[in-house]
Amino acid sequence: MSPAKADIDVFSVIADPTRRAILDRLRAGPAPVNEIAADFSQSRPAISKHLRVLKASRLVTEEKVGRERLYTLRPAPLQKAMAWLEGYRAFWGRNLESLKRYLEDT
């Protein structure tokens, strides 16, 4: 997978609100699919599909423990998204400061 493709994948993956909620849930620690699915009104197969997408994007890992598969958050791929957003934070900080000075001067 090319670096550009990986960037697009992370953004498209986190664009889905259910996937973001699953990532938020996994911040509390690893969990099996049934436990994750219990937090959602969607069916277990739908949550499993979201987990497959998250796994393919390397945002989660899957480990077989006994009869269960535990899903664990791997936030490293989000660093690229965070770095991209950080540039906009600086941009807005500068522009808001300029707006503040303009409004104070008028």
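How each quantity is defined
- Residues numbered from 1 in each chain as written.
- Predicted model: local features only at pLDDT ≥ 70, side-chain atom pairs only at ≥ 80, totals over all residues.
- Heavy atoms only, no water.
- Helix = DSSP H or I, 4+ residues; strand = E, 2+ residues; numbered from the N terminus.
- Contact = heavy atoms within 4.5 Å.
- Areas by Shrake-Rupley, 256 points an atom, 1.4 Å probe, with all protein chains shown as cover.
- Phe/Tyr/Trp six-rings, centres within 6.5 Å; stacked < 30°, edge-to-face > 60°.
- Buried < 20%, exposed > 50% of the residue type's maximum accessible area, 1.4 Å probe, protein only.

(A) A look at the overall build of the protein. Of regular secondary structure, the protein possesses five helices and three strands. Element order for the protein, N to C, with α for helix and β for strand: α-α-β-α-α-β-β-α. In terms of principal-axis extent, the alpha carbons of the protein reach across some 70 × 35 × 20 Å. In the protein, of all internal contacts separated by at least 6 residues, the share reaching a separation of at least 24 is 49%. Accessible surface, the protein as shown: approximately 7,500 Å² in total, 57% of it carbon and sulfur.

(B) Summary view of unusual backbone geometry. Residue Arg58 is not a glycine yet carries a positive backbone phi of 70°. In this structure, Arg58 sits in the loop between helix 4 (44-56) and strand 2 (60-65).

(C) Structural detail: the packing of aromatic side chains. Within this structure, the stated rule accounts for three aromatic pairs. Look at Phe11 and Trp84: their rings are 5.3 Å apart centre to centre, the planes differ by 75°, and that puts the pair in the edge-to-face class. Here Phe11 is found in helix 1 (residues 3-14), whereas its partner Trp84 is found in helix 5 (residues 78-105), with 73 residues between them in sequence. Judged by relative accessible area, which is 47%, Trp84 ranks as partly exposed. With a centroid separation of 5.3 Å and 80° between ring planes, the pair formed by Phe91 and Trp92 is classed as edge-to-face.

What is shown is where atoms sit, not what they do.
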